[in-house]
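Examining the three-dimensional arrangement
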Amino acid sequence: MLECLIIYKNQKPVNIKNICCIGAGYVGGPTMAVIAQKCPDIQVTVVDVNADRISAWNDPDVEKIPIYEPGLSDIVAATRGRNLFFSTDIEKAIDEAEIIFISVNTPTKDYGVGKGKAADLKYIEICARQIAAIARTDKIIVEKSTIPVRTASTIKDILEQVGNKADFQILSNPEFLAEGTAVSDLMQPDRILIGGDIDTEAGQRAIDTLVTIYNNWVPKERIVTTNIWSSELSKLAANAFLAQRVSSINSISELCEKTGADVGEISRAVGADTRIGDKFLKASVGFGGSCFQKDILNLVYIARSYNLHEVADYWEQVILINEHQKRRFAYKIIKEQHNTVSGKKITMLGWAFKKDTNDTRETPAIAVAEILLQEQAEVVVYDPKVTEQQMVADLERYGVDAAVIREKFKVCTTAMQAVQGAYAIAIITEWDEFRELDWAAVYRQMVQPASVFDGRNILHKQTMQQLGFKYFAIGR
Ligand code: UDX
Ligand code: ADP
C-alpha cells in the first residue's frame, strides 16, 4: 500500500489552463478572484444562472460588484478581463475547463423529507447533470459548497450514469473563508483542505493537481490532504466547533447578567488558557451567517439518520442556545420599555450578520425585528451595506406579514436619521461606524429616557451612562 502511494505521489499533476467555477456567490466570487490573481497563467471563468449577478460582477464601476468584501474590488479590478471572466455561458465554460469548482448554494431544505434540517442538494445535482451532459474531456470536479458528508458519491453517481466516456475525479475542497475577511483568509489561509480518492492513481493525481494550484501562494505544509469523507465532515465539524464556542460564551453571558460577573472579563480569563485560546469568545446577540446553523443542522440530521440521538441532541443544543440568545435580547428591550413597545420607535443599527459584509443570511436582526414587530413597535433600521429590498425579503421569508412590513418597518440611509425620535436603539452589527457615532448627538435626537441595547458590546458602559443613556450590554 505504502509503495503504491509513493508511486502515485510521483504522478505528474495535470497541467491546468482553464478553470470554471459554477456559482458567483460569496464563496465562488472571492475564491476565484484570488486564484486568478495568484495564477496569472490560468484562465478563470465564473458562471452563474443569475444573469443580474453576472452583470453586476461585470459592472464597469468595480465598486458595484455584488459582494462587498474589504479588498475584493481591487483584486477584481486587476484581474477582470485579463484572466478572470464572469459569464452566463455555463456550457462553454464547462466544456473548456480542466477543473470545475461547484460553488452553488446548498440551503437548508424548506420542503419535504428533512425540511428545516437537511441540506438541499438540488442545485448541486443540477450542476452535476449539466457537467455530465456537456463534458467531452476528462475533468476534475471540486466541491466547494458546504455539503453533507457523502455528497461526492451523489455527484459521482450522476456523472458516471449520465455522462459519456470522460473520466471525472471528484475532490472535496471546503472553503474556510469567513465573510468580511474573505480576501485575507484566502491569501493567508490557516490550511487548505483537499479530500479525494487517495487510494487510486487518478485520484491522487487529481489531488496533486489542485495542490499545485494552491501551492502558487500557500506553503505545502498548510495544504492538508485527506480522504474525501474526512474532508467533507471536517468542514461541518469546524463550523460546529466554532459555533459551539459562541453559544458557550453566550450561555455564560446570561448567567453574568444575573450574578454581576462580566462576560468580557470571563472571555479574557478563559481565553488566556492556551488550551482554550482567545478567539470566538465574544458574547453577542447570537451568531448568524450562511454556515453555522446550516452546518450544525446538517450534522444533527446525519447523526439522527444513523440513530445517534445523543450526538444529535448534543449539537442541536448549540442552535437552541443561539435561538434563545436572539429572543432574550429582543425581550429585554421590551421589558425595559415598561413591557410595551407598541407604537414606539425602536432603531436597529445594523442588519448584516457581522460587520464588513452585506450578507444577511441567518442574521439575528431578522428574529429581533420579527419579535419587535409582533409587539407592534415601529422598527427603523440603518445598515451601511444592506439594501432595504434585502431586509424586506428577509422578513417576508421569515413569515412576517407584508402589510406589517409596509406599515411598521422603515429603512434609513444614515444612522443619525434612523435614531430620530427613537425610544431605544438596538445594536445588531458591530460596524465600526457605530462605535464612532457622535453618541452625545444621538442622545439629543431620542425620546427620553433613551436606551441603548448593545448586542455586540462595542460601547463603553460608563461613557454611555455619563451621556445620559440607559445602557444595556450582553453579559455585563
Ligand atoms: C464561518 C466560518 O468562520 C468559516 O470558516 C466558514 O467557512 C463559514 O462560516 P462566517 O459565517 O463568514 O464564517 O463568519 P464568522 O466570522 O465565523 O461568524 C459567524 C457568526 O458568529 C457571526 O454572526 C458572528 O458575529 C458570530 N460571532 C463570531 C460571535 O457572535 N462571537 C464571536 O466571538 C465570533
Ligand atoms: P455561497 O455563500 O455558498 O457562495 P451564494 O448564494 O452567495 O452562496 O451563491 C451561490 C450562487 O450559485 C448563486 O449566485 C446562484 O445563482 C448560483 N447557482 C445555483 N445553482 C446554479 C446552477 N445550477 N448553475 C449556475 N449557478 C448556480
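Going along each chain's sequence as written, the residues are numbered from 1 onward. Key to labels: chains lettered from A, ligands numbered from 1, both in the order written. Thresholds applied to this predicted model are a pLDDT of at least 70 for local features of residues and 80 or more for the giving and counting of side-chain atom pairs; totals over whole chains, interfaces and linings are not thresholded and use all residues. As a convention, hydrogens and water are excluded, and side-chain values are obtained from all of the structure's heavy atoms.

1. Thoughts on the overall build of the chain
- For the chain, the helix and strand inventory stands at 20 helices and 14 strands.
- Radius of gyration here is computed from C-alpha atoms only, and the compact-globule reference equals 2.2 Å multiplied by the residue count raised to the power 0.38. Relative to its length of 476 residues, the chain is compact, with a C-alpha radius of gyration of 24 Å against a globular reference of 23 Å.
- Its C-alpha atoms give the chain principal-axis dimensions of about 75 × 50 × 40 Å.
- When a residue's accessible area, from a 1.4 Å probe over protein chains only, is under 20% of the maximum for its type it is buried; when over 50% it is exposed; and in between it is partly exposed. For the chain, with 476 residues in total, the buried portion stands at 52%.
- Look at the contacts in the chain between residues 6 or more apart in sequence, and 75% of them connect residues 24 or more apart.
- For the area figures, the Shrake-Rupley method with a 1.4 Å probe applies, and any residue is considered shielded solely by the protein chains shown. Working note: accessible area of the chain is about 21,700 Å², and carbon and sulfur atoms make up 51% of it.
- Charged residues are defined narrowly, with Lys and Arg counted positive, Asp and Glu counted negative, and His plus the chain ends left uncounted. To locate a charge, the coordinates of NZ of Lys, CZ of Arg, CG of Asp or CD of Glu are taken. If the 54 positive side-chain charges of the chain are averaged to one point and the 62 negative ones to another, these points end up 3 Å apart. A run of H or I in DSSP becomes a helix once it reaches four residues, and a run of E becomes a strand once it reaches two; helices and strands are each numbered from the N terminus. Contact between two residues is taken to exist if any of their heavy atoms lie within 4.5 Å; hydrogens are not considered.

2. Digging into the packing of aromatic side chains
- Centre distance within 6.5 Å is the pairing criterion for rings of Phe, Tyr and Trp, where only the six-membered ring of Trp is used; planes under 30 degrees apart are then read as stacked, over 60 as edge-to-face, and the remainder as tilted. Tallied over the entire structure, the rule returns 11 aromatic pairs.
- Ring geometry for Trp 57 against Phe 86: centres 4.7 Å apart, planes inclined by 5°, an arrangement best described as stacked. In this pair, Trp 57 is assigned in helix H3 (residues 51-57) and Phe 86 in strand E3 (residues 84-87), connecting sequence segments 29 residues apart. One exposure class covers both Trp 57 and Phe 86, and it is buried.

3. Some words on the side chain of Lys 345
- Along the chain, the position of Lys 345 falls in strand E9 (residues 345-349).
- Criterion for a salt bridge: a side-chain nitrogen of Lys or Arg within 4 Å of a carboxyl oxygen of Asp or Glu. At 5.1 Å, Glu 378 is the nearest oppositely charged side chain to Lys 345, a buried residue that forms no salt bridge.
- Distance and chemistry together define a polar contact, namely a pair of N or O atoms within 3.5 Å, with one atom able to donate a hydrogen and the other to accept it when in protein, and with adjacent residues in sequence counting only for side-chain atoms on both sides. Within polar-contact distance, the side chain of Lys 345 engages the backbone oxygen of Gln 420 at 2.5 Å.
- In contact with Lys 345, other than residues within four places in its own chain, are Glu 378, Val 380, Gln 417, Ala 418, Gln 420, Gly 421, Ala 422, Tyr 423 and Ala 424.

4. Some details on the sheet that holds strand E10 (residues 378-382)
- In this description, strands pair whenever DSSP reports at least two bridges between them. Across the sheet, six strands lie side by side as E11-E10-E9-E12-E13-E14; this open sheet has parallel pairing. Across the chains shown, the open sheet's two edge strands, defined by having one partner strand only, are strand E11 (409-411) and strand E14 (470-473). Within this sheet the neighbouring strands show an average axis-to-axis angle of 20°, counted without direction.
- Axis definition: a line fit to C-alpha positions, over the contact stretch in the case of helices; interaxial angles, taken between N-to-C directions, run 0 to 180 degrees. Relative to E11, helix H15 (residues 388-397) is tilted by about 155°, and along the sheet it contacts E10 and E11.

5. Some details on the site of ligand 1
- Looking at ligand 1, there are 20 residues lining it, with Phe 176, Glu 179, Ser 284, Lys 354 and Arg 456 nearest.
- Between ligand 1 and Glu 175, the relevant distance is 2.9 Å, taken from an oxygen atom to a main-chain nitrogen or oxygen of the residue.
- In the complex, 90% of the free accessible area of ligand 1, which totals 660 Å², lies under the protein chains.
- No other element matches the four residues that helix H10 (residues 228-259) contributes to the shell around ligand 1. Put simply, a residue is near a molecule or strand once any heavy atom of it comes within 4 Å of that molecule or strand.

6. Remarks on the pairing of strand E13 (residues 451-454)
- Here E13 shows two buried faces, one formed by Ser 451 and Phe 453 and the other by Val 452 and Asp 454.
- Here strand E12 (residues 424-427) pairs with E13 via four bridges, running parallel. Pairing of Ile 425 across the sheet is with Val 452, part of E13.
- Relative to E14, E13 is paired through four bridges, and the arrangement is parallel. Directly across from Asp 454, in E14, lies its bridge partner Ala 473.
- A crossover counts as right-handed when, viewed with the strands pointing away from the observer, the path leading from the first strand over the helix to the second turns clockwise. Chirality of the crossover, the property in question, places the unit of E13, helix H20 (residues 461-466) and E14 among those that are right-handed.

7. What to know about the site of ligand 2
- Residues in close proximity to ligand 2 total 17 residues, the closest being Tyr 26, Val 27, Asp 48, Arg 53 and Arg 361.
- Tyr 26 places a polar main-chain atom, nitrogen or oxygen, 3.1 Å from an oxygen atom of ligand 2.
- One of the side-chain N or O atoms of Arg 53 is found 2.6 Å from an oxygen atom in ligand 2.
- Counting residues per element, the shell around ligand 2 draws most heavily on helix H6 (residues 122-134), at three residues.
- Counted by class, the shell around ligand 2 contains nine nonpolar, five polar and three charged residues. Throughout this entry, Asp, Glu, Lys and Arg are counted as charged residues, while Ala, Val, Leu, Ile, Met, Phe, Trp, Tyr, Cys and Pro are counted as nonpolar. The remaining residues, Gly among them, count as polar.

8. A short note on the packing of helix H13 (residues 309-336) against helix H14 (residues 364-374)
- Running from N to C, H13 and H14 point in directions that differ by 40°, and their axes come no closer than 9 Å. Regarding the angle of H13 to H14, the classification is oblique. Both H13 and H14 take part in a crossing whose hand is right-handed. Two secondary-structure elements touch here, H13 through Lys 326, Arg 327, Phe 329, Ala 330, Tyr 331, Ile 333 and Ile 334 and H14 through Pro 364, Ala 367, Val 368, Ile 371 and Leu 372. Angles below 35 degrees are treated as roughly parallel, those above 145 as roughly antiparallel, those between 65 and 115 as roughly perpendicular, and all remaining angles as oblique. By the definition used in this description, the sense in which the near helix is turned from the far one sets the handedness, with an anticlockwise turn below a right angle giving left-handed and a clockwise turn giving right-handed.

9. Some words on the pairing of strand E7 (residues 192-196)
- Across the five residues that make up E7, a large majority, five, are buried.
- Neither face of E7 is exposed, since Ile 192, Ile 194 and Gly 196 on one face and Leu 193 and Gly 195 on the opposite face are all buried.
- Sheet analysis places E7 next to strand E8 (residues 223-227), joined by five bridges and oriented parallel. Across the sheet, residue Leu 193 finds its bridge partner in E8, namely Val 224.

10. Some thoughts on unusual backbone geometry
- With an omega of -5°, the peptide bond between Gln 448 and Pro 449 qualifies as cis.
- If you trace the backbone, Pro 449 turns up in the loop between helix H19 (439-445) and E13.
- In this model, Phe 280 sits at a positive phi of 60°, which is unusual for a non-glycine residue.
- Secondary-structure assignment places Phe 280 in the loop between helix H11 (263-271) and helix H12 (292-305).
- With a relative accessible area of 40%, Phe 280 lands in the partly exposed category.
- Of note, Asn 307 is a non-glycine position whose phi angle comes to about 60°, a positive value.
- Structurally, Asn 307 can be placed in the loop between H12 and H13.

Any functional reading would require information that these geometric values do not contain.
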